Amino acid sequence: MTETDTTREKTEQLREIFLDVADDSTVTENQEETPGTLGDNSGPTEALQPIIREMKQKYGFRTSLEIDELATLVQLFYDEYSDTAIARELGNASRDKTVTRARIHLQLLRETDFDAPFDLDQLRGLREEETSLETIAETLDVSKSTVGRYCRILDAEQAAAAVDHRYQHQFEAALTDSGTDQSIRESLDSGLDDALDASPGKN
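Residues numbered from 1 in each chain as written. Predicted model: local features only at pLDDT ≥ 70, side-chain atom pairs only at ≥ 80, totals over all residues. Heavy atoms only, no water.

Colleague: Which parts of the structure should I look at to understand the packing of aromatic side chains?
Modeller: A ring pair, where both rings are aromatic, is described by two values, the distance of the centres and the angle of the planes. Applying the stated criterion across every chain yields a total of three aromatic pairs. Geometrically, the ring pair formed by F77 and Y78 is edge-to-face, given 5.2 Å between the ring centres and 85° between the ring planes. Taking 5.4 Å as the distance between ring centres and 75° as the angle between the ring planes, the aromatic pair formed by F118 and Y150 counts as edge-to-face. Residue F118 is found in the loop between α6 (96-105) and α7 (120-128), and its partner Y150 is found in helix α9 (residues 144-162); the two are separated by 32 residues along the sequence. (Phe/Tyr/Trp six-rings, centres within 6.5 Å; stacked < 30°, edge-to-face > 60°. Helix = DSSP H or I, 4+ residues; strand = E, 2+ residues; numbered from the N terminus.)

Have a look at this one:
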């Protein structure tokens, strides 16, 4: 048996071991065309992009952030970054309001989003009555921009509930799958390096 054959055999043995650990014998067959798998080099943000594109098409929201920036936003949100910290990671800390709006469009809500200076149920009631924005602002004794902000939050909450939080589940699954596959990929690479070091002819 040649050196190349020995290395190939060791590589296949390592792959079988890690597939057994993952308890999924179809990784190499069924996941070759999905983001974040052993079959390609896409990372978590690339796995998120198709979901974001679908949301933009479905809801028609606008933002100055590019798709890759929105994907980074999603990933950092789940890493528990604040909006200011996310803006900083995107290269401009002053874009925190842009980040906040985009995050809400993506139906990624924080508990603090609902800390309104008025009763949100009252706002819900006024909106159901189709009260004008100006009248709502006067009734709640806040600015129209403040009313607009909480209207966007309530809209995002309602939209998420209408689809059973499907997009949040997809975000979480994409990030989890990418993280798991990355760990397996790194382990395979490490195991391959060990196999090459142990192959005949290596000192």
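Colleague: Just checking my understanding: could you explain the nonpolar core for this structure?
Modeller: The nonpolar side chains of a soluble globular protein tend to be buried, and buried together. Counting residues in hydrophobic clusters, the biggest one holds 26 residues, and the most contacted among them are L48, I52, L73, L106 and F171. Of all the secondary-structure elements, those providing two or more residues to this core are α3 (44-59), α4 (67-78), α5 (83-89), α6 and α10 (166-198). Top element by residues in this core is α4. It accounts for seven residues. Setting aside chain neighbours within four positions, we find L48 in contact with A71, V74, Q75, F171, A174 and L175. Residues I104, I136, V142 and Y150 belong to the second largest nonpolar core, which totals 15 residues. (Core = buried A, V, L, I, M, F, W, Y, C linked by side-chain atoms within 4.5 Å. Buried < 20%, exposed > 50% of the residue type's maximum accessible area, 1.4 Å probe, protein only. Contact = heavy atoms within 4.5 Å.)

Colleague: Looking at this model, I keep getting lost on the packing of α3 against α4. Mind explaining?
Modeller: Contact geometry of α3 with α4 gives a least axis separation of 8 Å together with a crossing angle of 110°. In this view, α3 runs roughly perpendicular relative to α4, as classed from their interaxial angle. On α4, the residues touching P44, T45, L48, Q49, I52, R53 and K56 of α3 are I67, D68, L70, A71, T72, V74 and Q75. Class assignment of the residues belonging to the contact of α3 with α4 gives a composition of seven nonpolar, four polar and three charged. (Axes fitted to C-alpha atoms, helices over the stretch in contact; angles between N-to-C directions. Parallel < 35°, antiparallel > 145°, perpendicular 65-115°, else oblique. Nonpolar A, V, L, I, M, F, W, Y, C, P; charged D, E, K, R; others polar.)

Colleague: I'm lost on α7 in this one. Help?
Modeller: Turn by turn, an α-helix covers 3.6 residues, leaving residues three or four places apart pointing in a common direction. Every buried residue belonging to α7 is among L120, L123 and L126, and all of these are buried. Seen from one end, α7 has its buried residues packed into an arc of 115°, which puts them on one side. Of the residues in α7, the exposed ones pointing more than 90 degrees away from the buried face are D121 and E128. Tucked inside the fold, the buried residues of α7 contact α8 (133-140) and α9. One or two steps after α7, the chain reaches E130, where phi turns positive at roughly 60°. (Arc of directions from axis to C-beta.)

Colleague: For this particular structure, what's the right way to read the side chain of Q107?
Modeller: Tracing the sequence through the fold places Q107 in the loop between α6 and α7. Owing to a relative accessible area of 5%, Q107 belongs among the buried residues under this scheme. A distance of 3.1 Å separates polar atoms of two side chains, one belonging to Q107 and the other to Y59. If we skip the residues at most four places from it in the chain, Q107 touches M55, Y59, A156, A159, A160, V163, Y167 and Q168. (Polar contact = N/O pair within 3.5 Å; in protein donor to acceptor, adjacent residues only side chain to side chain.)

Colleague: Any chance you could explain the pattern of salt bridges here in plain terms?
Modeller: Opposite charge on two side chains permits pairing when their charged atoms draw close. Tallied over the full model, the rule gives eight salt bridges. Across the pair E54 and R166 runs a salt bridge, and its minimum N-O distance is 3.3 Å. You can see E54 sitting in helix α3 and its partner R166 sitting in helix α10, a full 112 residues away along the chain. Residue D113 is joined to R103 by a salt bridge in which the shortest nitrogen-to-oxygen separation is 2.7 Å. Here D113, found in the loop between α6 and α7, pairs with R103, found in helix α6; they are ten residues apart in sequence, far enough to count as distant. Residue classification places D113 among the buried positions, given a relative accessible area of 2%. Connected via shared salt-bridge partners are D83, R103, R110 and D113. (Salt bridge = Lys/Arg side-chain N within 4 Å of Asp/Glu carboxyl O.)

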